[in-house]
Amino acid sequence: MAKDCLRISFMSFSLSSLWKNYFKPVLADQLINAVRAKNPDQVIKASRELGETCTKCHAENQIAVKLVYHYPPFATLKMEDPVEFDQLSPKEYMRRLSDSMKALRIFLMQGDVQKAREAGEQVVERVKGTEAICFKCHTDKAVVDRIHGKDHEQALASIQRLLKEPQPNRDAIFRAMSVIGQSCNKCHNLHLVPAMVQEAFRK
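Residues numbered from 1 in each chain as written. Predicted model: local features only at pLDDT ≥ 70, side-chain atom pairs only at ≥ 80, totals over all residues. Heavy atoms only, no water.

Draft legend 1. Region of interest: the overall build of the chain. On a plain count of helices and strands, the chain comes out with nine helices and two strands. Traced from its N-terminal end to its C-terminal end, the chain shows the element sequence α-α-α-α-β-β-α-α-α-α-α. Computed over C-alpha atoms, the radius of gyration of the chain comes to 25 Å, more than 25% over the 17 Å expected from 2.2 N^0.38 for 203 residues, which places it beyond the range of a compact globule. Along the first, second and third principal axes, the C-alpha set of the chain runs to 90 × 35 × 30 Å. (Helix = DSSP H or I, 4+ residues; strand = E, 2+ residues; numbered from the N terminus. Rg over C-alpha atoms; globule rule 2.2 N^0.38 Å.)

As structure tokens, then:
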């Protein structure tokens, strides 16, 4: 049901024509006239018909409206890249973080220890940097800790420690990265779809 409502919302949601497709001013006039005439039967009839337009609009558009207008606007947030020290949108920041993770994996697979260390340091710094954006909305540290918890912190520390070894244990680093990936998934499951919906409606 929710998926159907969201699909309908994407197809029908248009600021220029939305309200005329649902709200019928004549029904509001009929309700006002029925109240003025003190006619209970007409009041009930007009209320029901007017209410049906509200129900129809809510059923088809409520999810999209909530996501676009009542969910935190991700596009307006800025994150400082701790590696290159510039201000980025969350989407741009996540792209750089993803590139760092890919680079670390590639250099480890190729056996290029020096480049793997450089990429690994970027991964750690950028992952740590994601906490800053959490606190722009979440003021309760316990909420943030559900994603950036103990296992997450230990995994970051493991990556740093392992990369300092003369011959880093590639499999151990991959396991630690998997733990980081689980933290990423927790956040994405909460925030990625709303961010994508907001972006779609801005185009």
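From this point, the discussion proceeds with the structure in view.
Draft legend 2. Just the side chain of Ser 100, in detail. Locating Ser 100 in the fold gives a position in helix 5 (residues 90-110). Setting aside anything within four residues of it in sequence, one finds Ser 100 in contact with Ala 119, Gln 122, Val 123 and Arg 126. (Contact = heavy atoms within 4.5 Å.)

Draft legend 3. Representation of helix 5 in the model. A rise of 1.5 Å per residue sets the reference length of helix 5, with its 21 residues, at 30 Å; its end C-alpha atoms lie 30 Å apart and thus fit the reference within 8%. At the exit of helix 5 stands Gly 111, carrying a positive phi of roughly 80°. (Expected span 1.5 Å × (residues − 1).)

Draft legend 4. Seen up close, the pattern of salt bridges. Evaluation of the coordinates by the stated rule reveals 10 salt bridges. The residue Glu 49 makes a salt bridge to Lys 45 at a minimum N-O spacing of 2.8 Å. One end of the pair is Glu 49 and the other is Lys 45, both in helix 4 (residues 40-70) and four residues apart, which spans about a single turn. Close ionic contact of Asp 145 with Lys 141 constitutes a salt bridge, the shortest N to O distance being 3.1 Å. Of the two residues, Asp 145 and Lys 141 are both situated in helix 7 (residues 141-145); the distance of four residues between them amounts to about one turn of the helix. (Salt bridge = Lys/Arg side-chain N within 4 Å of Asp/Glu carboxyl O.)

Draft legend 5. Structural context of the packing of helix 5 against helix 6 (residues 113-134). Between helix 5 and helix 6, the shortest axis-to-axis distance is 8 Å and the interhelical angle comes to 150°. Our classification of the angle between helix 5 and helix 6 gives roughly antiparallel. Crossing hand, helix 5 versus helix 6: left-handed. Taking contact as the criterion, the partners of Pro 90, Tyr 93, Met 94, Arg 96, Leu 97, Ser 100, Met 101, Ala 103, Leu 104, Phe 107 and Leu 108 in helix 5 are, on helix 6, Lys 115, Ala 116, Ala 119, Gly 120, Gln 122, Val 123, Glu 125, Arg 126, Val 127, Gly 129, Thr 130 and Ile 133. (Axes fitted to C-alpha atoms, helices over the stretch in contact; angles between N-to-C directions. Parallel < 35°, antiparallel > 145°, perpendicular 65-115°, else oblique. Left-handed = near helix turned anticlockwise from the far one by under 90°.)

Draft legend 6. Quick look at the environment of Glu 153. Along the chain, the position of Glu 153 falls in helix 8 (residues 150-163). Each C-alpha atom of the pair Glu 153 and Val 179 lies 9.6 Å from the other, and the pair is 26 residues apart in sequence. Every residue in contact with Glu 153, bar those within four places of it in the chain, is listed here: Glu 131 and His 148.

Draft legend 7. View of helix 8. End to end, helix 8 covers 20 Å across 14 residues, agreeing with the expected 20 Å (1.5 Å per residue, within 8%). Buried within helix 8 we find His 152, Ala 155, Leu 156, Ile 159, Leu 162 and Leu 163. The arc that holds the buried residues of helix 8, viewed along the axis, is 135°, so those residues lie on one side. (Buried < 20%, exposed > 50% of the residue type's maximum accessible area, 1.4 Å probe, protein only. Arc of directions from axis to C-beta.)

Draft legend 8. Just the packing of helix 3 (residues 25-36) against helix 4, in detail. Running from N to C, helix 3 and helix 4 point in directions that differ by 155°, and their axes come no closer than 8 Å. Considered as vectors, helix 3 and helix 4 are oriented roughly antiparallel to each other. Once helix 3 is placed against helix 4, the crossing between them reads as left-handed. Along its contact with helix 3, which presents Leu 27, Ala 28, Gln 30, Leu 31, Ala 34 and Val 35, the element helix 4 presents Gln 42, Val 43, Ala 46, Ser 47, Glu 49, Leu 50 and Thr 53. Residues belonging to the contact of helix 3 with helix 4 are distributed by class as follows: eight nonpolar, four polar and one charged. (Nonpolar A, V, L, I, M, F, W, Y, C, P; charged D, E, K, R; others polar.)

Draft legend 9. Representation of the confidence of the model for the chain within the structure. Scored by pLDDT, the chain comes out at a mean of 86, with 90% of its residues at no less than 70. Per-element averaging of pLDDT across the chain places helix 1 (residues 2-12) at the bottom with 43 and helix 5 at the top with 96. With pLDDT under 50 throughout, residues 1-16 is counted as low confidence; its partners more than four residues away or in other chains account for 23 contacts. (pLDDT = per-residue confidence, 0-100.)

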